[in-house]
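# Structural overview for review
As a plain string of letters, each chain reads:
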Amino acid sequence: MGKHLVLAGGGHAHMVTLANMKQFVREGHRVTVIGPSPYHYYSGMGPGMLGGTYLPEEIRFSIKKQVEQNGGIFLLDKIRQVIPDTRQVELETGAVVDYDVISFNIGSYVPQDIVSRNNGDIYTVKPIEKLAEAKKRIHELLSKKQAVIDIIGGGPASAEIAGNIWQLGQYQGEQIPKIRIFSSREFMPRFSERVRLYTRKSLIKRGIAIHENSSVRKVETGKIVLSSGEVYEPDFIFLATGVKPSPIFRQSGLPVGPDGGLLVNRYLQSNAYPEIFGGGDCIFFEEAYLDKVGVYAVRENPVLYHNLFAALSGRPLKSFEPGGDYLLIFNMGGGTGVLQKKWVTLHGKIAFIVKDYIDRKFMKRFQ
Ligand SMILES: Cc1cc2nc3c(=O)[nH]c(=O)nc-3n(C[C@H](O)[C@H](O)[C@H](O)COP(=O)(O)OP(=O)(O)OC[C@H]3O[C@@H](n4cnc5c(N)ncnc54)[C@H](O)[C@@H]3O)c2cc1C
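Residues numbered from 1 in each chain as written. Predicted model: local features only at pLDDT ≥ 70, side-chain atom pairs only at ≥ 80, totals over all residues.

### Overview of the overall build of the chain
For the record, the criterion: Secondary structure elements follow DSSP: runs of H or I of four or more residues count as helices, runs of E of two or more count as strands, with numbering from the N terminus. Using C-alpha atoms as the atom set, the radius of gyration is obtained and then compared with a globule rule of 2.2 Å times the number of residues to the power 0.38. The burial label depends on the number of other C-beta atoms within 10 Å of a residue's C-beta. Counts of 20 or more mean buried, 12 or fewer mean exposed, and intermediate counts mean partly exposed, with C-beta atoms placed from the backbone. Whether two residues are in contact depends on their C-beta atoms, placed from the backbone: they are in contact if these lie within 7 Å.
Along the chain, the regular secondary structure elements total ten helices and 26 strands. Over its C-alpha atoms the chain spans a radius of gyration of 21 Å, differing by no more than 12% from the 21 Å that the globule rule assigns to 367 residues. Overall size of the chain, expressed as C-alpha extent along the three principal axes, is 65 × 40 × 35 Å. Taken over 367 residues, the chain has a buried fraction of 43%. Excluding contacts between residues fewer than 6 apart, the proportion of contacts in the chain whose partners are at least 24 apart in sequence is 66%.

Dropping the structure here:
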C-alpha cells in the first residue's frame, strides 16, 4: 500500500529525490514538499548574484513546478513544529500534515542576537534570495552617495560578500562604496595561510578595510558598537557571523547535536524516530563533524534518495560516507576567485572561471 513521503524544504540535499520523484509516485506513494518559496536558491552563486554576475533566475530551481510536474504536491508554507509521536508536522499557516516518512532539508540561518533595533538596511547573508533585495537597496544608496557598507564576520561569506559589493559598485558606474569588514578574530581563521593571504590581499588592494580582533557587541540601523566601545556609523550592514541549523528540532523536542541540528546516524536517519531523515545544514551527523557547506548537502543526495525509498518499502538502508577533502572556491568579485584543494591553492581569474563552470554545470543538471 502506498505511503506518504514528506520533504521538508527543497534544499541542496533533496535535489536527486526531487528529480526522481516520479519513481515514488509510480510505486503508489504520495509525495508532499513543503517550502516557504516556489524556488530554491543555489548558495554557491548567491554572492555572484549580489555582484551582478548572475540574475536571480539563473541561480534558482523551480521547486514548485518540478514537484507538480512529477506528480507531487507542493505546499507553500513553513514547518513550525514536528510532532514525532503522531508523525505530524505543524505548519506556519496552522495546517497539520501527517507523514509516514519525512526528510528535513530546511537549512540554517544567521542568528541576529546582536541586533538591537532594525529599522532597515541590516541584512543577513542567508536566505540567499534576500541578496537580490540587498543588491537593489545598495544601488539606491550608491545612486545618492558614497555609501559606507559594514560586514560583520570574518569568514568566507564575509569575503565573498565584500568582494561582490565592490563589483556591484564598479559595474554600475555609480559611486564606489566604502567597505569595511569586522572580524572578531583574525580574518578567515579556519583556512590555510595561503588562502588567508590571497583573500586578504584581494580585498585590501581594492580598498576594502579589514578590522581584525574587532568583536561587534551591538548592531542597530546605521550603527555598530564594538566590544571595545568604538562606534561606527555605516549606511548598510551585512551580518555574516556564521550559521546555525534551523531551531525547530530543538523546539520540537527531537534529539539534536550540540549545534541544535537534527541528530542523525550514518543512514542520515534519526535514531529515536527512524521514519525521520535529514540532510544539509540542518542536521548534526553523529559519525563525524561536517562543515556547513553545500558540498556535504550535495554529497548526501544519492543516500537520502535511496534511504527514503528504502524506508517506504522496508528495504535495507545505505550509509553515508562524507568523503575526503573538498574543492573550495571563493568568488571574490571582479571575475576573480581563490581556490583550494588539498595542497593546491590558486587565485585570480582562473579560480573564478573554474567556479563559474562548476556552478553553471550544477544548475544545468538540476534546473
Ligand atoms: C554567502 C554564502 C555563500 C556560500 N557559498 C558556498 C559555496 O560556494 N559552496 C558551498 O559548498 N557552500 C557554500 N555556502 C554554504 C551553503 O550555503 C550551505 O551549506 C548550503 O546552503 C546548505 O544547503 P541546505 O540545502 O542544507 O540549506 P539551504 O540552502 O539553506 O536550503 C534550505 C531550504 O529549506 C527551506 N526552508 C527553510 N526553513 C524551512 C521550514 N521551516 N520549512 C520548510 N522549508 C524551509 C529554505 O527556503 C531553503 O529552500 C555558502 C553560504 C553562504 C551564506
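### What to know about the pairing of strand 17 (residues 223-226)
We count it as follows: Two strands are counted as paired when DSSP detects at least two bridges linking them.
Sheet topology places strand 16 (residues 216-220) next to strand 17; four bridges connect them, and they run antiparallel. Paired with Val219 across the bridge in strand 17 is Ile224. Between the antiparallel neighbours strand 16 and strand 17 lie two residues, among them Gly222 with a positive phi of about 80 degrees. Of the pairings in the sheet, the one linking strand 17 to strand 18 (residues 231-232) comprises two bridges and is antiparallel in character. Within strand 18, the residue paired with Val225 across the bridge is Val231.

### Description of the domain arrangement of the chain
Stated formally: Note: domain ranges come from an automatic or database domain assignment.
Split by domain assignment, the chain resolves into domain 1 (4-108 + 243-313) and domain 2 (115-242). If you average the C-alpha positions of domain 1 and of domain 2, the two centres end up 30 Å apart. Contact residues are listed per partner, giving 13 residues for domain 1 and 15 residues for domain 2. Counting residues per element, the side of domain 1 that touches domain 2 draws most heavily on helix 3 (residues 46-51), which supplies six residues.

### Considerations on the sheet that holds strand 18
Strands sit in the order 11-16-17-18 across an open sheet of four strands; the sheet is mixed. The sheet is open, and its two edges are formed by strand 11 (115-117) and strand 18, each paired on a single side.

### Comments concerning helix 7 (residues 193-204)
Since the α-helix packs 3.6 residues into each turn, any two residues three or four apart lie on the same face. Condition: Here the expected length of a helix is defined as 1.5 Å per residue gap, with one fewer gap than residues. By definition, the arc is the one covered by directions from the helix axis to the C-beta atoms.
Given a rise of 1.5 Å per residue, twelve residues ought to cover 16 Å, and the 16 Å separating the end C-alpha atoms of helix 7 matches this to within 8%. Buried within helix 7 are the following residues: Val195, Tyr198, Thr199, Ser202 and Leu203. Taken down its axis, helix 7 places every buried residue within 125 degrees of arc, on the same side. The exposed set on the far side of helix 7, more than 90 degrees from its buried face, consists of Glu193 and Ile204.

### So, the site of the ligand
Which entries qualify depends on this criterion: Defining nearness, a residue is near a molecule or strand when the C-beta atom obtained from its backbone falls within 6 Å of it. Put simply, Ala, Val, Leu, Ile, Met, Phe, Trp, Tyr, Cys and Pro go in the nonpolar bin, Asp, Glu, Lys and Arg in the charged bin, and everything else, Gly too, in the polar bin.
Contacts to the ligand come from 35 residues, most closely from Gly9, Gly11, Ser43, Gly107 and Gly280. Of all the secondary structure elements, the ones that give two or more residues to the shell around the ligand are strand 2 (30-35), helix 3, helix 6 (156-172) and helix 9 (294-313). Looking at the shell around the ligand, the element that brings in the most residues is helix 9, giving three residues. Considered class by class, the residues forming the shell around the ligand number 14 nonpolar, 16 polar and five charged. Each of two domains, domain 1 (4-108 + 243-313) and domain 2 (115-242), supplies a minimum of three residues to the shell around the ligand.

### Let's talk about the pairing of strand 2
Looking at chain direction, strand 1 (residues 4-8) and strand 2 are connected through five bridges and run parallel. Within the sheet, the bridge partner assigned to His4 lies in strand 2 and is Arg30. Pairing geometry for strand 2 and strand 5 (residues 73-76), over four bridges, is parallel. The partner of Gly35 across the bridge, within strand 5, is Leu76.

### A short note on the sheet that holds strand 25 (residues 336-341)
The cut-off we apply is this: To define axes, lines are fitted to C-alpha atoms, for helices over the stretch in contact only, and angles between the resulting N-to-C directions are given on a 0 to 180 degree scale.
Taking strand neighbours across the sheet as the criterion, the three strands line up as 24-25-26 in an open arrangement whose pairing is antiparallel. Taken across any chain shown, the strands that pair with only one partner, and hence form the sheet edges, are strand 24 (328-333) and strand 26 (344-348). For this sheet, the mean angle separating the axes of adjacent strands, direction not counted, is 10 degrees. Against the sheet, helix 7 touches strand 24, strand 25 and strand 26, its axis set at about 175 degrees to strand 25.

### Thoughts on unusual backbone geometry
Cis geometry is found at the peptide bond from Lys126 to Pro127, where omega equals 0 degrees. Structurally, Pro127 can be placed in the loop between strand 12 (122-124) and helix 5 (130-144). Positive phi outside glycine occurs at Met188, with the angle close to 55 degrees. Mapped onto the fold, Met188 is located in the loop between strand 14 (178-182) and helix 7. Residue Leu268 is not a glycine yet carries a positive backbone phi of 60 degrees. On the basis of neighbour count, Leu268 is assigned to the buried category, with 27 C-beta atoms found within 10 Å.

### A few points about the environment of Asn265
With respect to the element layout, Asn265 can be found in the loop between strand 21 (262-264) and strand 22 (276-278). For the pair Asn265 and Phe284, spaced 19 residues apart in sequence, the C-alpha to C-alpha distance is 8.7 Å. If sequence neighbours within four positions are ignored, Asn265 has contacts with Asn271 and Glu286.

### Description of the environment of Pro322
Looking at the secondary structure, you find Pro322 in the loop between helix 9 and strand 24. Sequence separation of Pro322 and Lys361 is 39 residues, and the distance between their C-alpha atoms is 22 Å. Setting aside residues up to four positions removed in sequence, Pro322 forms contacts with Ala288, Leu290, Tyr296 and Arg299.

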